[in-house]
Amino acid sequence: MSVSPFQLTFHRTTVFGTLYIIASPIGNLEDITLRAVRLLRDSTLIACEDTRHTRKLLDHLGISTPMVSYHEYNEAARASELVAKLEHGDNIALVSDAGTPLISDPGFRLVTAAIAAGIRVVPVPGPSAALAALAGSGLATDSFRFCGFLPPKSTQRRKTLEQLRRETCTLIFYEAPHRVLDALEDVEAVLGSRPVVVARELTKVHEEFLRGTAATVRAELVARPSIRGEFTVLIGKADGAEPDDTPIDAAVRALEGQGVTRMDAIKQVARTRGMSKREVYDFMTRLASEPGSRGS
Ligand code: SAM
């Protein structure tokens, strides 16, 4: 295929733009870096979750760069539009409503699409509630696991926590104010009395850290007239106690061996494992019906 001189010139002069992933404040508007301010001002376009929300930050900083919405409901379509602009040479700044984009926030599709198109992706670090909460928590920081939001329904939430029982590092979760009490109840049921820290309203006027176990922190919150604000929940490793990794059927049989009735044994195992009686019962029934099982 022949290439016209015009096409050759066009290819040589077209330089892709850069995608900047810019962290923004999680409460205190002073928590923005000089580099972030410069790049927000100098970018061609700012892609943000909610233009009204980001407008407040931009007004505070005296920045008038045009904005375009980029949120979980238009991510797929918007990502390809933005990649086309980057290919055209535009520099685009991606911000979320608060903290670091992509961390429980939109941006993943755009970043992967940009990388696939050969566009330079530059992170501009700054606030993130998870790290701010960890730094102030007093829990171990040498090793931690960020788990995003726990599932909203208790059964699923307990299953997720059950899968994390063997983790020995600090666990970090985001949680909504209307679910924090239920979540702490499930943490207590599944993980027992581990150290728990609830970081509320970080970097804001009413910033606080509640420290104790899931039960004591929960009791402190229950005693309040209302539960408001933004919450990050951290769970430390169990103090010395090794998680019980006895298989469920062996745990039920061990209790039966001590004279406990089958139903009471199932109840007890369900409670200590954070499972429902039905789940343990179904598990035992399934096991008994498997070929080669010892029956029950
Ligand atoms: N991308 C953000 C980041 O890097 O922190 C997180 C976005 S996520 C949608 C929002 C959740 O982060 C909130 O529901 C809350 O759990 C946590 N969070 C955000 N700001 C917080 C704050 N100031 N104090 C405590 N937790 C906060």
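A few points on the structure.

Calculation criteria
Residues numbered from 1 in each chain as written. Predicted model: local features only at pLDDT ≥ 70, side-chain atom pairs only at ≥ 80, totals over all residues. Heavy atoms only, no water. Axes fitted to C-alpha atoms, helices over the stretch in contact; angles between N-to-C directions. Helix = DSSP H or I, 4+ residues; strand = E, 2+ residues; numbered from the N terminus. Left-handed = near helix turned anticlockwise from the far one by under 90°. Contact = heavy atoms within 4.5 Å. Near = heavy atom within 4 Å. Polar contact = N/O pair within 3.5 Å; in protein donor to acceptor, adjacent residues only side chain to side chain. Areas by Shrake-Rupley, 256 points an atom, 1.4 Å probe, with all protein chains shown as cover. Pairing = 2+ DSSP bridges. Phe/Tyr/Trp six-rings, centres within 6.5 Å; stacked < 30°, edge-to-face > 60°. Buried < 20%, exposed > 50% of the residue type's maximum accessible area, 1.4 Å probe, protein only. 1 Å grid on protein atoms, 1.4 Å probe; cavity = no way out; pocket = protein on both sides within 12 Å on 5 of 7 lines; lining within 4 Å. Points joined across faces, edges and corners; volume = space filled by probe spheres on them. Nonpolar A, V, L, I, M, F, W, Y, C, P; charged D, E, K, R; others polar. Domains from an automatic or database assignment. Parallel < 35°, antiparallel > 145°, perpendicular 65-115°, else oblique.

What about the packing of helix α4 (residues 75-88) against helix α5 (residues 108-116)?
(1) Moving on: Two numbers describe how α4 lies on α5: the axes approach to 9 Å, and their chain directions differ by 35°. Between α4 and α5 lies a crossing of right-handed hand. Contact residues: Glu 75, Ala 76, Ala 79, Leu 82 and Val 83 in α4; Phe 108, Arg 109, Leu 110, Ala 113 and Ala 114 in α5.

What to know about the site of the ligand
(1) Moving on: Around the ligand, 19 residues are found, and the nearest of them are Ile 103, Asp 105, Ser 128, Ala 129 and Phe 231.
(2) Moving on: Within the backbone of Ala 98, one N or O atom sits 3.4 Å away from a nitrogen atom of the ligand.
(3) Moving on: A distance of 2.9 Å separates a nitrogen atom of the ligand from a polar backbone atom of Leu 202.
(4) Moving on: Burial of the ligand by the protein amounts to 90% of the accessible area it has alone, namely 570 Å².

Brief notes about the sheet that holds strand β8 (residues 196-200)
(1) Moving on: Taken in spatial order, the five strands make up an open sheet running β6-β7-β10-β8-β9, and their pairing is mixed. Two strands in the sheet have a free side with no partner beyond their single neighbour: β6 (144-149) and β9 (208-212). Neighbour to neighbour, the strand axes of the sheet diverge by 15° on average, direction disregarded.
(2) Moving on: Sheet topology places β8 next to β9; five bridges connect them, and they run antiparallel.

Quick notes on the packing of aromatic side chains
(1) Moving on: The final tally for this structure, using the stated rule, is two aromatic pairs.
(2) Moving on: For the ring pair Phe 146 and Tyr 174, a centre distance of 5.0 Å and an interplane angle of 65° mean the geometry is edge-to-face. Remark: Tyr 174 occurs in strand β7 (residues 170-175) and Phe 146 occurs in strand β6; sequence separation between them is 28 residues.
(3) Moving on: For Phe 146, a relative accessible area of 30% translates into the label partly exposed.
(4) Moving on: Aromatic rings pair up to connect Phe 146, Phe 149 and Tyr 174 into one cluster.

Points about the layout of surface pockets
(1) Moving on: Its boundaries defined by the atoms lining it, the largest pocket holds a volume of some 530 Å³.
(2) Moving on: If you go around the largest pocket, you meet 23 residues; those closest to its centre are Ala 98, Ala 129, Phe 149, Tyr 174 and Glu 230.
(3) Moving on: The set of elements that each furnish at least two residues to the lining of the largest pocket consists of β7 and β10 (231-235).
(4) Moving on: Classifying every residue of the lining of the largest pocket gives eleven nonpolar, five polar and seven charged.
(5) Moving on: Both of domain 1 (18-127) and domain 2 (130-235) provide at least three residues apiece to the lining of the largest pocket.

Some details on the packing of helix α7 (residues 154-163) against helix α8 (residues 180-191)
(1) Moving on: At their nearest, the axes of α7 and α8 sit 9 Å apart, and the two run at 45° to each other. By the angle class used here, α7 and α8 are oblique. As α7 packs across α8, the resulting crossing turns out to be right-handed. Across the interface between the two elements, Ser 154, Arg 157, Arg 158, Leu 161 and Glu 162 from α7 touch Asp 182, Ala 183, Glu 185, Asp 186, Val 187, Ala 189, Val 190 and Leu 191 from α8.
(2) Moving on: When grouped by side-chain class, the residues that make up the contact of α7 with α8 number six nonpolar, one polar and six charged.

Just geometry here; none of it tells us what the structure is for.
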